[in-house]
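# Report on the structure
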Amino acid sequence: MVEFISTNLLKQRIRRVIGELADNSRPPQSKMLNLPDVEAEVWRLRLDNWRLLYAIAETDKIIDVLAIRKRPPYDYGDLETLLEELE
C-alpha cells in the first residue's frame, strides 16, 4: 500500500522534526555523512521519500538546515554548493 501524505501534513512534519533537532541534533534515525574536508558535521535525516540535510556547528551550538530534497531523484549532487553557503 502506498502511503500518501498531503503537502500540508508533510510541511507540518518537517517543521516538527526541525524543531526537535534543537533538543536532539543527532536522533537515532539520522546518519552523519562522511565529509572529511568539512569542518561542520553534516547529517541526513530520512522523512519517508524526503531527505533533510543539516549541519551542526558544535562550537557555536548552531544547526543549519542545508536542504530538504525528495528522493529519488536527489543524489546529493548540489551538496558542495550547499556547503559553500555555510562559510
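This is a predicted model, so every value here is computed, not measured.

### A look at the pattern of salt bridges
Considering all chains together, one arrives at four salt bridges under this definition. A salt bridge links Arg-16 to Glu-20; the nearest nitrogen and oxygen atoms lie 3.4 Å apart. With Arg-16 and Glu-20 both in helix 1 (residues 7–20), this residue pair falls four residues apart, about one helical turn. As a salt-bridge pair, Arg-69 and Asp-78 come within 2.6 Å of each other at their nearest N and O atoms. Judged by relative accessible area, Arg-69 falls into the partly exposed class, the value being 27%. Using a relative accessible area of 22% as the deciding quantity, one classes Asp-78 as partly exposed.

### Re unusual backbone geometry
Put simply, Arg-71 and Pro-72 share a cis peptide bond, and its omega is -10°. Mapped onto the elements of the fold, Pro-72 is located in the loop between strand 4 (62–70) and helix 2 (79–84). Look at the link from Pro-72 to Pro-73: it is a cis peptide, with omega at 20°. Non-glycine residue Asp-48 carries a positive phi angle of around 55°. Overall, Asp-48 belongs to the partly exposed group, its relative accessible area being 38%. Although it is not a glycine, Tyr-76 sits at a positive phi angle of roughly 65°. Here Tyr-76 is to be found in the loop between strand 4 and helix 2.

Conventions used here
- Residues numbered from 1 in each chain as written.
- Predicted model: local features only at pLDDT ≥ 70, side-chain atom pairs only at ≥ 80, totals over all residues.
- Heavy atoms only, no water.
- Salt bridge = Lys/Arg side-chain N within 4 Å of Asp/Glu carboxyl O.
- Helix = DSSP H or I, 4+ residues; strand = E, 2+ residues; numbered from the N terminus.
- Buried < 20%, exposed > 50% of the residue type's maximum accessible area, 1.4 Å probe, protein only.

Such coordinate-based values are descriptive only and should not be taken to indicate function.
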